[in-house]
Amino acid sequence: MSRAAAKSLRIAVFASGSGSNFQALVEAAQAGKLGGSIELLVCDRPKAKVVERAAAAGVDAFVFRPKEYASREAYEAEIVRHLREREIDLIVMAGYMRIITPTLVEPFYGRIVNIHPSLLPAFPGLNAIGQALEHGVKLTGITVHFVDGGMDTGPIIAQRPVEIADGDSVDTLADKVHPIEHELYPEVVAAICEGRVTLDGRHVRVAGKE
Ligand code: GRF
C-alpha cells in the first residue's frame, strides 16, 4: 500500500474467541482514530463472545461452522465472496484460530495482518504465552505482522516487549499482554489506513505521522 492511500479503508476483522482486540478496533474506529471502517466480522464459532460484541457494535457478521463445509477451501471461498461483496480492503486477524490457505491469502496478500502474543519468530502457533513461560525467557511480547502462507511467519510490522516476572502464570502474563495489544493493534491498523506502511519483500517500513 502506498502513502497515497486516500480513501477510508473497509476492514474485515476475523476472530474466534472473546474479541477484546475486535472491541479495541471498534472503539478506535468509533473515536475516528482508525482511518477506516469495520464493515464485517468473520467468525468460525457461533457461540464466541466476539459475535455478541459485533451485534452490540452494529457490525455485520459472517458466522460459519467449518464442519458444514467439505474443505477449508470451500468455506474460504465463501468468505472471499463476502469480502468482495463488501469491497473489503484490509483483513485484520484478531484471534482467528484457523489455518488459512491460498484461497484466502493469495487474493489478499499484503492486505492481511495478524497479531500474535510473542516476539516472533519465537513461539509461533498456539499458546504462545504458555510457550514463552515454559521456555523460561525473561522477555516476550507482541508482534503485528502481514500474513503469508506460513504459521506466524509473515513480514513483521511492529513489536512490543513485555517483561516476564518470577512467578508469572499464563493468566498474569496474559493480563500484561492484552492491554498492550489493545493499544498497538489500532495504532498499526491506523498506520496502514493512512498509507504509512510499506511492504518490501520481508521488510516493512512504517513512516511517522506527518
Ligand atoms: C490475542 O492474544 C492475540 O494476540 C491472539 O489471540 C488473542 C485474541 O484475544 N492472536 P481476543 O479474542 O482479541 O481477546
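Cut-offs applied
Residues numbered from 1 in each chain as written. Predicted model: local features only at pLDDT ≥ 70, side-chain atom pairs only at ≥ 80, totals over all residues. Heavy atoms only, no water. Pairing = 2+ DSSP bridges. Helix = DSSP H or I, 4+ residues; strand = E, 2+ residues; numbered from the N terminus. Axes fitted to C-alpha atoms, helices over the stretch in contact; angles between N-to-C directions. Contact = heavy atoms within 4.5 Å. Phe/Tyr/Trp six-rings, centres within 6.5 Å; stacked < 30°, edge-to-face > 60°. Buried < 20%, exposed > 50% of the residue type's maximum accessible area, 1.4 Å probe, protein only. Right-handed = clockwise from strand over helix to strand, strands pointing away.

### Some words on the sheet that holds strand 2 (residues 36-43)
By definition, the strands of a sheet pair up through backbone hydrogen bonds, in either a parallel or an antiparallel sense.
Inference 1: The sheet built from seven strands is open, its strands ordered 3-2-1-4-5-6-7 with mixed pairing. Only two strands of the sheet have a single partner each, and these edge strands are strand 3 (60-63) and strand 7 (156-163). In this sheet, adjacent strand axes meet at a mean angle of 20° when their direction is disregarded.
Inference 2: Pairing analysis gives six bridges linking strand 1 (residues 9-14) to strand 2, with the strands arranged parallel. Considered in strand 2, the bridge of Phe14 is made with Val42.
Inference 3: Against the sheet, helix 6 (residues 170-193) makes contact with strand 1, strand 2, strand 4 (90-93), strand 5 (112-116), strand 6 (139-146) and strand 7, and its axis sits at roughly 155° relative to strand 7, the strand it touches most.

### Some remarks on the packing of aromatic side chains
Aromatic ring pairs are described here by two measures, namely the spacing of the ring centres and the angle between the planes.
Inference 1: Enumeration over the complete set of coordinates arrives at five aromatic pairs.
Inference 2: Arranged with centres 4.9 Å apart and planes meeting at 35°, the rings of Phe64 and Tyr75 form a pair that is tilted. Here Phe64 is found in the loop between strand 3 and helix 3 (72-85), whereas its partner Tyr75 is found in helix 3, with 11 residues between them in sequence.
Inference 3: The structure contains a cluster of three or more aromatic residues connected by ring pairs, namely Phe62, Phe64, Tyr69 and Tyr75.

### Considerations on the pairing of strand 4
Inference 1: Along strand 4, one buried face is formed by Leu90 and Val92 and the opposite face, lined by Ile91 and Met93, is buried too.
Inference 2: Judged from the four bridges that link them, strand 1 and strand 4 form a sheet pairing that is parallel. Within strand 4, the residue paired with Phe14 across the bridge is Met93.
Inference 3: The pairing of strand 4 with strand 5 spans three bridges and is parallel. In the strand pairing of strand 5, Val92 is matched with Val113.
Inference 4: For the handedness criterion, the β-α-β arrangement of strand 4, helix 4 (residues 102-108) and strand 5 is classed as right-handed.

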